[in-house]
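Structural description and commentary
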Amino acid sequence: NVACLQELSMDDKDVAYLAQHALFDQLTQLQKDFDVPEYCECGELEGMNAWLGTAGTVTPLHHDSADNLLAQAVGYKYVRLYHPQET
């Protein structure tokens, strides 16, 4: 996984985004702060990445090849999901 930090200027606000970062591999002590929910234990956990962003961060429409679990710690995130037949 490649960490990507982008800094953009948006309406005179600083915006930063850290994407697909293997934070939990680098700082293994963070793994003790949470448990993988039981409903996620249907198979083997392939990886765990962190996405961190400031207010104003926008992710373009995309497809993720792996299953995901979103946990929003602060603020809100608008998520739009499409049925595979609508792609």
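Conventions and cut-offs
Residues numbered from 1 in each chain as written. Predicted model: local features only at pLDDT ≥ 70, side-chain atom pairs only at ≥ 80, totals over all residues. Heavy atoms only, no water. Helix = DSSP H or I, 4+ residues; strand = E, 2+ residues; numbered from the N terminus. Buried < 20%, exposed > 50% of the residue type's maximum accessible area, 1.4 Å probe, protein only. Contact = heavy atoms within 4.5 Å. Areas by Shrake-Rupley, 256 points an atom, 1.4 Å probe, with all protein chains shown as cover. Patch = residues over 30% accessible without salt bridge, like charges linked within 9 Å, V, L, I, M, F, W, Y side chains within 5 Å. Salt bridge = Lys/Arg side-chain N within 4 Å of Asp/Glu carboxyl O. pLDDT = per-residue confidence, 0-100.

Our focus in this paragraph is the overall build of the chain. Counting its secondary structure elements, the chain contains 1 helix and 3 strands. Each helix (α) and strand (β) of the chain, taken in turn from the N terminus, gives the series β-β-α-β. Evaluated residue by residue, the chain yields a buried proportion of 10% over its 87 residues. Excluding contacts between residues fewer than 6 apart, the proportion of contacts in the chain whose partners are at least 24 apart in sequence is 54%. Of the roughly 8,300 Å² that the chain leaves accessible, carbon and sulfur atoms contribute 52%.

Residues Leu70, Val79 and Leu81 make up a contiguous nonpolar surface patch of roughly 340 Å² in combined accessible area. Note on placement: Leu70 falls in the segment after strand 3 (50–53).

Within the secondary structure, Val58 sits in the segment after strand 3. A relative accessible area of 62% means that Val58 is categorised as exposed.

With 83% of its residues at a pLDDT of 70 or more, the chain shows a mean pLDDT of 76. Per-residue pLDDT stays below 50 along residues 1–10; that stretch engages in 24 contacts with residues further than four places along the chain or on separate chains.

With that out of the way, let us pick up unusual backbone geometry. A positive phi is found at Gln20, a non-glycine position, where the angle reads about 50°. Inspection of the secondary structure puts Gln20 in strand 2 (residues 13–21).

Note that Asp67 resides in the segment after strand 3. Sequence separation between Asp67 and Glu46 is 21 residues, and the spatial gap between their C-alpha atoms is 9.4 Å.

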